[in-house]
Amino acid sequence: MYAFEIERPSTIADAVNALKGEDAQALGGGQTLIPTLKQRLAAPSVLVSLTGIGEMQGVCQADDGAVCIGGATTHATVAKEAAAHYPALADLASHIGDPAVRNRGTIGGSLANNDPAACYPAAALGSGATIITNNRQIAADDYFEGMFSTALDEGEVITEVRFPVPQTANYQKFLQPASRFALVGVFVAQYADGVRVAVTGASEEGVFRWSEAEAALSANFSASALDGLSLPADGMIGDLHGSPSYRAHLVKVMTGRAVAACQG
Amino acid sequence: MTGISMVVNGRAVSGDVEGRTLLSSFLRDDLRLTGTHVGCDTSQCGACVVHVNGKAVKACTMFAVEADGAEVATIEGEANADGSLSVIQQAFQDHHGLQCGFCTPGMVMSAAALLKDNPKPTETEVRDYLEGNICRCTGYHNIVKAIMAASGQDVSAIAAE
Ligand SMILES: Cc1cc2nc3c(=O)[nH]c(=O)nc-3n(C[C@H](O)[C@H](O)[C@H](O)COP(=O)(O)OP(=O)(O)OC[C@H]3O[C@@H](n4cnc5c(N)ncnc54)[C@H](O)[C@@H]3O)c2cc1C
Ligand code: FES
Ligand code: FES
């Protein structure tokens, strides 16, 4: 690692200020950033740690029923504290990486990083969540801009994420056992006004909504509604773990399993 | 350099570290607590698992500065006050839960974190919890068996494969 200083502010305002410095970068749980720094793929001069900011911690429920999660809340805390409000989201958090990763990694860090195989992007897009930053609110549909790319500006901090709670939802993760990320993951959520299906791990463009499946499932919420559908292999990720057509096929299988689990 | 202080295995310690100093380096190089092993240094293997404020974390994937003011527990603090092995350590010995021993500090610290939250885990829960702890020697069966035994459960039915 190249040398840098670490600052540990205790308020969002102080963190935003510290991030105005040249080559300053936010540090969440470090579960992605520290390995990146070790490979010398990033060279910040200052890391601004967000984990000591009380107002960015914890899970609560808004008046409209939405679940609000502080941007620096760990996966382990979401797994525990969101379970009563939004079980599918808590379940997703409880299967990220391994226990030690879940005790440090944060929802803000995961969404800011937007790894094409990460789990939270599927939950955020599949729930039509709102990403709240220090200066605006971004709808999930406008937030994800392709692999490792988001609508966040330089120095912008995710302070909170708000999830409208669906009638029923389920996340199916086909584990890539070496990385512990998703080889393919599908988040299905049924709301009063329709079904949302968000897919991670599959596309070169990162997380995406499978609109044909959404239409079919909104008309008939059962796994058999997917029967006639298929996803083109074009633009799917191909690597030593799976070809593009394998991934395209897996998306449909996992979507079916998620729907079946919702009804289970 | 930043001055930090923390409580490690019940003892107050302090030191001066760079921003980039990992908790694993602070423990091993500054405090000479070399029981915390660094197997991969890429957040994959879990040999470096310690507890920070009671939670299992990978010491190679946390900066020492972030543990300023924290309570840290490492494998060196696992044994009983009289020097005898803890229940978990003794179970690893009794059930052959280690061969080369490289992964063992992380395995024991993960097991301790699991049993604190879930004193009577099922075999599946033990295996799930060890997701991030890699052992290249044992094939895991005896580690799982040792942890089940340490939780006071009957392990005679678990095959030693
Ligand atoms: C072994 C292993 C297995 C894993 N398995 C999975 C998995 O199965 N599924 C999964 O989804 N993830 C997985 N991860 C990734 C993990 O979830 C990370 O915690 C997460 O991607 C990054 O979160 P972090 O808080 O650690 O962020 P950091 O690593 O600290 O930061 C990541 C990036 O986000 C920025 N950032 C951090 N917080 C904020 C914020 N609040 N606002 C704006 N920018 C911010 C940082 O500047 C940096 O660019 C795994 C990681 C490891 C090491
Ligand atoms: S040395 Fe920390 S996870 Fe391998
Ligand atoms: S005993 Fe050798 S790596 Fe586990």
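Residues numbered from 1 in each chain as written. Chains lettered and ligands numbered in written order. Predicted model: local features only at pLDDT ≥ 70, side-chain atom pairs only at ≥ 80, totals over all residues. Heavy atoms only, no water.

S.K.: Describe in detail the packing of helix α3 (residues 104-117) of chain B against helix α5 (residues 141-150) of chain B, supporting the description with residues and values.
M.R.: All names here are of chain B. Across the interface, α3 lies against α5 with an axial gap of 11 Å and an inter-helix angle of 40°. With respect to their mutual orientation, α3 and α5 come out oblique. Crossing hand, α3 versus α5: right-handed. Residues M107, A111, L114 and L115 of α3 pack against I143, I147 and A150 of α5. Partitioned by chemical class, the residues of the contact of α3 with α5 number seven nonpolar, no polar and no charged. (Axes fitted to C-alpha atoms, helices over the stretch in contact; angles between N-to-C directions. Helix = DSSP H or I, 4+ residues; strand = E, 2+ residues; numbered from the N terminus. Parallel < 35°, antiparallel > 145°, perpendicular 65-115°, else oblique. Left-handed = near helix turned anticlockwise from the far one by under 90°. Contact = heavy atoms within 4.5 Å. Nonpolar A, V, L, I, M, F, W, Y, C, P; charged D, E, K, R; others polar.)

S.K.: Let's hear about α5(B): which residues, and what values?
M.R.: Residue and element names in this part refer to chain B. Burial within α5 is extensive, with eight of its 10 residues counted as buried. All buried positions along α5 are accounted for by N142, I143, V144, K145, A146, I147, M148 and A150. Contacts from the buried residues of α5 go to α2 (87-94), α3 and α4 (123-129). Downstream of α5 by one or two residues, G152 has phi in the positive range, about 85°. (Buried < 20%, exposed > 50% of the residue type's maximum accessible area, 1.4 Å probe, protein only.)

S.K.: I'd like a rundown of the packing of aromatic side chains, residues and numbers included.
M.R.: Residues and elements named next belong to chain A. Enumeration according to the criterion identifies five aromatic pairs over all chains in this entry. On the basis of an interplanar angle of 35° and a centroid distance of 6.2 Å, the ring pair of Y171 and F187 is categorised as tilted. With Y171 in strand β9 (residues 168-175) and F187 in strand β10 (residues 182-191), this pair connects stretches of sequence that are 16 residues apart. Accessibility classification places Y171 together with F187 in one group, the buried group. Over the aromatic face of Y2 sits the side chain of R40, whose NZ or CZ is 4.2 Å from the ring centroid. (Phe/Tyr/Trp six-rings, centres within 6.5 Å; stacked < 30°, edge-to-face > 60°. Lys NZ or Arg CZ within 6 Å of the ring centre and 35° of its normal.)

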